[in-house]
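Close look at the chain arrangement
Read off the chains here:
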Amino acid sequence: MSDLGRLLDPATVAIVGLSADLAKHGGRVLANLRKLGFAGTIWGVNPGLPEVEEVEMLGSISDLPTPPDLVVCAIPAAAVAEVVAGSTGAGGVVVFAGGFGESSADGRALEQDLADRARSVGVRVLGPNSGGVIRPSRSLAASFLTCLDRPAEEIRTGPVGVVTQSGGTGSYLHNLAAARGGGLAISVSTGNEVDIKLGEAIDAVSRLDEVNVVLALIETVRDGPVLIEAIRASLAGGKPVVACRIGTGRHGKTLMTTHTGAMAVPDAVLGGVLESLGVVVAETPGEAYEVAEMMARATMPAGDRAAIVTHSGGVAILLSDLAERHGVNLPTPSVELRARLDPLLDHGAADNPLDMGGIIGGPRRFAEVVDVFAGSLEYDLVMAVSTAHPPAHTDERVRSLVPLHSGGTDASERVEGGVSVLHLWMAGDQASHGLDRLREAGAPVSEEPRAAIRALAGLAHLTRIAPQTTLGPIRGNLEDWGLPLVDGELARDADDAVAIAEGFGYPVVVKVISPGLAHKTEVGGVRLGLNNAEAVRTAFEEVVAATKALGLEADGARVERYRPGLEIVVGGMNDETFGLLVSVGLGGVFTELLGDVVFAPAPVDSNQAAMMIERLQGRALFDGFRGGPVADLVELARIISLVSRGLGGSGLQEVELNPLVWDGFEWVAVDWLTVP
């Protein structure tokens, strides 16, 4: 990763396009810098040399006494490339203007010229179509966004750093944070990403001391391998990543091409990559912020065992449903723990989620129960759910809950391996001052049940993410990879096919062999379950004839042992965005109709492959569903790992085992495809 330090923490700023009209973008940037108390040097650049109070104005970027750390381009699109070409030695250039690749063919030409000029002088560019950079702890407001129209005291720092491809959404998040009494550590708007792209911005933001969690708003991905490494580096530094993906629907994708000038990465691929890396994906920017805020203030747990404490039966059911949907592990309390809890309940149930029933033990009783769970050694995460309660209890309740929280906004306080106590406040406005006090104390808290459960699930999932493994590629062809391939031989004519079948024993399969024919079943090129010589002879003649009828050559047919069973697809590909990927999906209708397929960056080891299997929607089919055979998932994970490693040393664009069959005794690939 390159160093974006001067751009994100400048001592000198040049505003190109600054005029006497302070309502324009250049003037807004100047006003915003002054509002936040920026103490560095500010220059104005405008050929007309207008008078701007307390700002040294120069006619050209080349007239500056020294290369600035940050150049802010508040000028029309047509003039940007020339300014960038004159910014040699600058730390970075922020380009606000639209009218580039998102607009027209002429705009795309402008954008290419801008990229070429930036590369030729070695200057970094953020944008075009960028909302700029806001970093309150450094009094930096290189932005025209309306969130900066707030009073200065409301533009605060916080533990969440934002990288967004949409400037307006970043402005909304600043407002959301301010409204709840907080703020953002930084927001970086990458826009059209002519140079600095999503992954590099995430990496730079994750390295800032004031950032505990990175929140990324993703429209598209142009730098897959860099993004993967940035996320891994952020997690290795103890800083989770939360994402909100936009442009996943058909109409959204159309709008997106006019917004950032980019096409979307296929949803299943991007979703699989993010989940495999441990990224928590939320559905809306607001929900993503709630999740990020909670995770930024929570202790990193030692494991994934979670408990939920409430005093409402309905809420307990709701959260149980949400927890199941998001894969949260809610173990039942032990007999010993139940014995400690029972005296503290009023017609409640010592289960998980736990419903305390009525609150008759005073305002401290709720915190007492939460503390019993947190100190039991049976749980790694505890969610304290404050539903409606007597308002007179609020102050004492909060005072007794705050000491149970051991996290904080300082990264050094978020010690790994502790018990993480999170809060869900569902008491409404009757006791809203309790919510305010939890926030003031730095506790991880949300009012939204889904966001709270996503945060709980995200923290738990991070404990299950296997560290990145260095796996060398496997050289050679598929046989050399150690994959279980079905026995078979090539038959040149019908007599040859019968002889091979007799050698294997019936039943057998006959498949046409035709150069360039990837999917044999679609052209009638496969016959299954053949039980005698006449069936084999007929099948050979039919599959060859069907292929030739389409104008394709047929080299004969392959005769194989018939191995029916549970079918899945294991594959690998060299994706144009993310590089080497491995995938696993349930076969047949599950993959084609339901899209039940999981992707991850390759290579993966067996543990990482096992996590891919667990994410399949149809995972239960492997456990003997409706009397079916129980599959060997350890061996399946090994096979997925072998495919992921083999692809890396093969020079292949794609490899696919389709289907890979569990026949009740072992896994065997009964058909496969390789693409050079």
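Note that this is a predicted model, so its numbers are computed, not measured.

Observations regarding the overall build of the chain
When its secondary structure is counted, the chain shows 21 helices and 28 strands. Its C-alpha atoms put the chain at 95 × 75 × 40 Å along the principal axes. Burial statistics for the chain: of 676 residues in total, 56% are counted as buried. Taking as baseline every contact in the chain between residues at least 6 positions apart, the subset at least 24 positions apart corresponds to 71%. On the chain, the mean spot of the 52 positive side-chain charges and the mean spot of the 85 negative ones are 2 Å from each other.

Let's talk about helix α18 (residues 533-548)
The end-to-end C-alpha distance of α18 is 23 Å, a good match for the 22 Å that 16 residues give at a rise of 1.5 Å each. Buried residues of α18: Val536, Ala539, Phe540, Val543, Val544 and Thr547, and no others. Projection of α18 onto a plane perpendicular to its axis shows the buried side chains occupying an angular sector of 120 degrees, all on one side. Every exposed residue of α18 that faces more than 90 degrees away from the buried side is listed here: Glu534 and Lys548. Where the residues of α18 are buried, they touch β19 (488-491), α17 (494-504), β20 (508-513), β21 (526-530) and β22 (556-561). The N-capping residue of α18, defined by a side-chain oxygen 3.2 Å from the backbone nitrogen of glutamate 534, is asparagine 532.

Some remarks on the packing of helix α10 (residues 285-297) against helix α16 (residues 449-464)
Axes are the key here: two packed helices are described by the angle between their axes and the distance separating the axes. Direction vectors running N to C along α10 and α16 enclose 50 degrees, while the axes themselves pass 8 Å from each other. Put simply, α10 runs oblique to α16. By crossing handedness, the relation of α10 to α16 is classed as right-handed. Each of Glu287, Glu290, Val291, Met294 and Met295 in α10 lies in contact with α16, whose residues at this interface are Arg450, Ala451, Ala452, Arg454, Ala455, Gly458, Leu459 and Leu462. In the contact of α10 with α16, the residues fall into eight nonpolar, one polar and four charged.

Remarks on the confidence of the model for the chain
It should be kept in mind that the predicted coordinates are not to be read in detail where pLDDT is low. Here the chain averages 91 in pLDDT, while 93% of its residues score no lower than 70. Note that pLDDT drops below 50 for residues 251-264; the model gives that stretch 38 contacts with residues more than four away or on any other chain. Segment residues 408-412 is flagged for pLDDT under 50; beyond a separation of four residues in sequence, or across chains, it makes 11 contacts in the model.

A word on the sheet that holds strand β2 (residues 41-45)
Read across the open sheet, the six strands follow the order β3-β2-β1-β4-β5-β6; overall the sheet is parallel. Strand pairing shows two members of the sheet lacking a second neighbour, β3 (56-58) and β6 (125-126), which therefore form its edges. As judged from the three bridges shared by strand β4 (residues 70-73) and strand β5 (residues 93-95), these two strands associate in the parallel manner. Residue pairing for β5: valine 72 is matched across the bridge by valine 94.

Some thoughts on the pattern of salt bridges
Inspection of the entire model under this criterion finds 39 salt bridges. The salt bridge partner of arginine 117 is aspartate 113, with a shortest N-O separation of 3.4 Å. Of the two residues, arginine 117 and aspartate 113 both sit in helix α4 (residues 105-121), four residues apart, roughly one turn of that helix. Judged by relative accessible area, aspartate 113 falls into the partly exposed class, the value being 29%.

Here we look at the packing of aromatic side chains
Across all of its chains, the model carries four aromatic pairs by this definition. Between phenylalanine 622 and tryptophan 667, the aromatic rings sit 6.3 Å apart at their centres with planes inclined by 70 degrees, giving edge-to-face as the arrangement. With a gap of 45 residues between them, phenylalanine 622 in the loop between α20 (606-614) and α21 (633-648) and tryptophan 667 in strand β27 (residues 667-669) connect regions that are remote in the sequence. Tryptophan 667 matches phenylalanine 622 in its accessibility class, with the two residues each being buried. Every member of this aromatic cluster is reached through a ring pair, and the members are Phe622, Trp662 and Trp667. In this structure, arginine 397 packs its charged tip against the face of phenylalanine 366, placed 4.4 Å from the ring centre.

Examining the side chain of threonine 547
Mapped onto the elements of the fold, threonine 547 is located in helix α18. Setting aside residues no more than four positions away along its own chain, threonine 547 makes contact with Val512, Ser514, Leu517, Leu552, Glu553 and Ala554.

A few points about the pairing of strand β23 (residues 566-575)
Of the pairings in the sheet, the one linking β23 to strand β26 (residues 654-662) comprises seven bridges and is antiparallel in character. Pairing of isoleucine 568 across the sheet is with leucine 660, part of β26. Alignment of β23 against strand β24 (residues 579-586), held across eight bridges, turns out to be antiparallel. Note on β24: the bridge partner recorded for valine 570 is valine 584. Between the antiparallel neighbours β23 and β24 lie three residues.

What about unusual backbone geometry?
With an omega dihedral of -5 degrees, the bond running from glycine 127 to proline 128 counts as a cis peptide bond. With respect to the helices and strands, proline 128 occurs in the loop between β6 and β7 (132-135). Across the junction of asparagine 658 and proline 659, the peptide omega takes the value 5 degrees, indicating a cis bond. In this fold, proline 659 is placed in strand β26. Within the chain, leucine 49 stands out as a residue other than glycine whose phi angle is a positive 50 degrees. Note that leucine 49 resides in the loop between β2 and β3. Owing to a relative accessible area of 48%, leucine 49 belongs among the partly exposed residues under this scheme. One non-glycine residue, leucine 377, lies in positive phi territory at about 70 degrees. Mapped onto the elements, leucine 377 comes out in the loop between α13 (365-374) and β16 (381-387).

Parameters at a glance
Residues numbered from 1 in each chain as written. Predicted model: local features only at pLDDT ≥ 70, side-chain atom pairs only at ≥ 80, totals over all residues. Heavy atoms only, no water. Helix = DSSP H or I, 4+ residues; strand = E, 2+ residues; numbered from the N terminus. Buried < 20%, exposed > 50% of the residue type's maximum accessible area, 1.4 Å probe, protein only. Contact = heavy atoms within 4.5 Å. Lys, Arg positive; Asp, Glu negative; His and termini not counted. Charge placed at Lys NZ, Arg CZ, Asp CG, Glu CD. Expected span 1.5 Å × (residues − 1). Arc of directions from axis to C-beta. Polar contact = N/O pair within 3.5 Å; in protein donor to acceptor, adjacent residues only side chain to side chain. Axes fitted to C-alpha atoms, helices over the stretch in contact; angles between N-to-C directions. Parallel < 35°, antiparallel > 145°, perpendicular 65-115°, else oblique. Left-handed = near helix turned anticlockwise from the far one by under 90°. Nonpolar A, V, L, I, M, F, W, Y, C, P; charged D, E, K, R; others polar. pLDDT = per-residue confidence, 0-100. Pairing = 2+ DSSP bridges. Salt bridge = Lys/Arg side-chain N within 4 Å of Asp/Glu carboxyl O. Phe/Tyr/Trp six-rings, centres within 6.5 Å; stacked < 30°, edge-to-face > 60°. Lys NZ or Arg CZ within 6 Å of the ring centre and 35° of its normal.

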